[in-house]
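Survey of secondary and tertiary structure
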Amino acid sequence: MAKGEDRFERRYERNREEKERHRKNLPGADDPALPPPVEPIRNDADAPGRNDPCPCGSGRKYKKCCGKPE
Ligand SMILES: [Zn+2]
């Protein structure tokens, strides 16, 4: 019984470490009290049509160019 629990615990521990690492890459993401990090492209409502040509003049659709989510 103890063996199985130990294994489970180690796995849980590792999972937590990975999540911890993730959080360090996303400042504020771990604190629900803080507002989410502001992203430059967020105004979906008044953004140019996602299927319209990109305003940067690349000739590609906006959603495939500057409007493309990372
Ligand atoms: Zn563009």
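Everything numeric here is computed off the predicted structure, so don't read it as measured data.

**Examining the coordination of the zinc ion**
Distances from the zinc ion to its protein donors, namely Cys 54 (SG), Cys 56 (SG), Cys 65 (SG) and Cys 66 (SG), fall within the range 2.2 to 2.3 Å. Every donor counted, the 4 donor atoms about the zinc ion form angles of 103 to 117° at the centre, which fits tetrahedral coordination. Taking the relative accessible area as the measure of exposure, Cys 56 reaches 48% and is therefore partly exposed.

**Side note on a positive patch on the surface**
Judged by side-chain charge, Arg 60, Lys 61, Lys 63, Lys 64 and Lys 68 come together as a positively charged surface patch. Tracing the chain through its elements places Lys 68 in the segment after helix H1 (2-25).

Conventions and cut-offs
- Residues numbered from 1 in each chain as written.
- Predicted model: local features only at pLDDT ≥ 70, side-chain atom pairs only at ≥ 80, totals over all residues.
- Heavy atoms only, no water.
- Donors = N, O, S within 2.8 Å, 3.2 Å for Na, K, Ca; no water.
- Tetrahedral: all angles 85-135°; square planar, octahedral: opposite > 155°, others 65-115°.
- Buried < 20%, exposed > 50% of the residue type's maximum accessible area, 1.4 Å probe, protein only.
- Patch = residues over 30% accessible without salt bridge, like charges linked within 9 Å, V, L, I, M, F, W, Y side chains within 5 Å.
- Areas by Shrake-Rupley, 256 points an atom, 1.4 Å probe, with all protein chains shown as cover.
- Salt bridge = Lys/Arg side-chain N within 4 Å of Asp/Glu carboxyl O.
- Lys, Arg positive; Asp, Glu negative; His and termini not counted.
- Charge placed at Lys NZ, Arg CZ, Asp CG, Glu CD.
- Helix = DSSP H or I, 4+ residues; strand = E, 2+ residues; numbered from the N terminus.

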